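# Notes for the structure review
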Amino acid sequence: MRKTKRYRVHGPNSLWHVYKTVPFFKVIKNFLVIQIARYTPILSWKNWMYRKLLKMEVGKHASFALMVMLDIMFPEKISVGRNTVIGYNTTILAHEYLIKEYRLGEVVIGDDVMIGANSTILPGVTVGDGAIVSAGTLVHKDVPKGCFVGGNPMRIIYNEEEMEQRRREDTFLEKL
């Protein structure tokens with residue numbers, strides 16, 4: 001189960017209550033910063049914008065590819081570790097607006113993680129250090145350290161031990 005906090009709403013669906021949950025001008029500022037960063041080719045500028053303007057935790061040498069879409073409402077709930085790559089057109093959400101409730105959850109992406117292009121990461125998820133997320137994956141639950149996951153729904157393709165075995169085999173073959 002994802003680690004999200006639930007907030008019940010009364011009346012129309014929770015999206016109608018959006019500006020009771022997050023200030024309007026914060027959303028406008030975040031939207032503008034995220035849109036500029038999505039097209040910025042200079043990684044250090046992009047990381048600076050995320051750290052300083054959106055209050056995200058972004059590790060050294062983290063790389064956000066072109067068109068990465070961060071949560072506009074709550075980007076400060078996203079943290080990305082050092083030397084991590086977030087692939088093209090990936091979406092990272094820290095909120096969900098549903099019919100009778102909305103949910104908020106921290107998204108923690110560890111160090112040395114690879115997130116493939118066109119993936120979606122839902123609120124309340126942790127991606128462990130050294131994990132690899134295949135392109136097009138819906139990350140709806142935690143990804144263990146060192147695992148290779150993929151698909152929709154996401155499943156573990158290789159666990160940490162199998163990944164290490166594959167690395168040893170690749171190293172052996174390179175020496176030949």
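Look a little higher up for the structure.
Residues numbered from 1 in each chain as written. Predicted model: local features only at pLDDT ≥ 70, side-chain atom pairs only at ≥ 80, totals over all residues. Heavy atoms only, no water.

## Some remarks on the sheet that holds strand β4 (residues 69-70)
Ordered in space as β4-β7-β12-β15, the four strands form an open sheet in which the pairing is parallel. Two strands close off the open sheet at either side, each with one partner strand: β4 and β15 (138-139). Here two bridges tie strand β7 (residues 91-92) to strand β12 (residues 120-121), and the two strands are oriented parallel to one another. What sits directly across from I92, in β12, is I121. (Pairing = 2+ DSSP bridges. Helix = DSSP H or I, 4+ residues; strand = E, 2+ residues; numbered from the N terminus.)

## Concerning helix α2 (residues 24-39)
Taking 1.5 Å of rise per residue, the 16 residues of α2 would be expected to cover 22 Å, and the 24 Å separating its terminal C-alpha atoms lies within 8% of that figure. Taken as a whole, α2 has its buried residues at V27, N30, V33, I34, A37 and R38. Axial view of α2: buried residues confined to an arc of 135°, hence all on one face. Opposite the buried face of α2, at more than 90 degrees from it, the exposed residues are F25, I36 and Y39. (Expected span 1.5 Å × (residues − 1). Buried < 20%, exposed > 50% of the residue type's maximum accessible area, 1.4 Å probe, protein only. Arc of directions from axis to C-beta.)

## Comments concerning the packing of aromatic side chains
For the structure on display, the rule yields six aromatic pairs. On the numbers, 5.3 Å between centres and 70° between planes, the contact of Y19 with F24 is edge-to-face. Seen from their ring centres, Y97 and Y102 are 5.6 Å apart, and the 35° between their planes marks the pair as tilted. These aromatic residues form a ring-pair network of at least three members: Y7, Y97 and Y102. (Phe/Tyr/Trp six-rings, centres within 6.5 Å; stacked < 30°, edge-to-face > 60°.)

## Observations regarding a positive patch on the surface
A cluster of basic side chains, namely K29, R51, K52 and K55, defines a positive patch on the protein surface. Along the chain, R51 turns up in helix α3 (residues 43-53). What makes R51 partly exposed here is its relative accessible area of 32%. (Patch = residues over 30% accessible without salt bridge, like charges linked within 9 Å, V, L, I, M, F, W, Y side chains within 5 Å. Areas by Shrake-Rupley, 256 points an atom, 1.4 Å probe, with all protein chains shown as cover. Salt bridge = Lys/Arg side-chain N within 4 Å of Asp/Glu carboxyl O. Lys, Arg positive; Asp, Glu negative; His and termini not counted. Charge placed at Lys NZ, Arg CZ, Asp CG, Glu CD.)

## Structural notes on the sheet that holds strand β1 (residues 5-8)
Taken in spatial order, the three strands make up an open sheet running β1-β9-β8, and their pairing is antiparallel. A single partner strand is all that each edge strand has here, and the edge strands are β1 and β8 (95-97). Neighbour-to-neighbour, the strand axes of this sheet turn through a mean angle of 15°, independent of strand direction. Two strands pair when backbone bridges link them, and β8 and strand β9 (residues 101-104) are joined in this way by three bridges, in the antiparallel orientation. Of the residues in β9, the one forming a bridge with H95 is L104. (Axes fitted to C-alpha atoms, helices over the stretch in contact; angles between N-to-C directions.)

## Some words on the side chain of R103
For R103, the position within the fold is in strand β9. R103 sits in the buried class, given a relative accessible area of 16%. Within the structure, R103 has its side chain in polar contact with the side chain of E101 (distance 2.7 Å). With near-sequence residues (within four places) excluded, R103 lies in contact with R2, T4, K5, R6, A94, H95, E96 and L98. (Polar contact = N/O pair within 3.5 Å; in protein donor to acceptor, adjacent residues only side chain to side chain. Contact = heavy atoms within 4.5 Å.)

## Looking at unusual backbone geometry
A cis amide bond, omega 5°, links N152 with the succeeding residue P153. In this structure, M67 takes a positive phi of about 75° despite not being glycine. Examined against the element boundaries, M67 turns out to sit in the loop between β3 (63-64) and β4. M67 sits in the buried class, given a relative accessible area of 14%. The backbone of N118 sits at a positive phi, close to 60°, despite the residue not being glycine.

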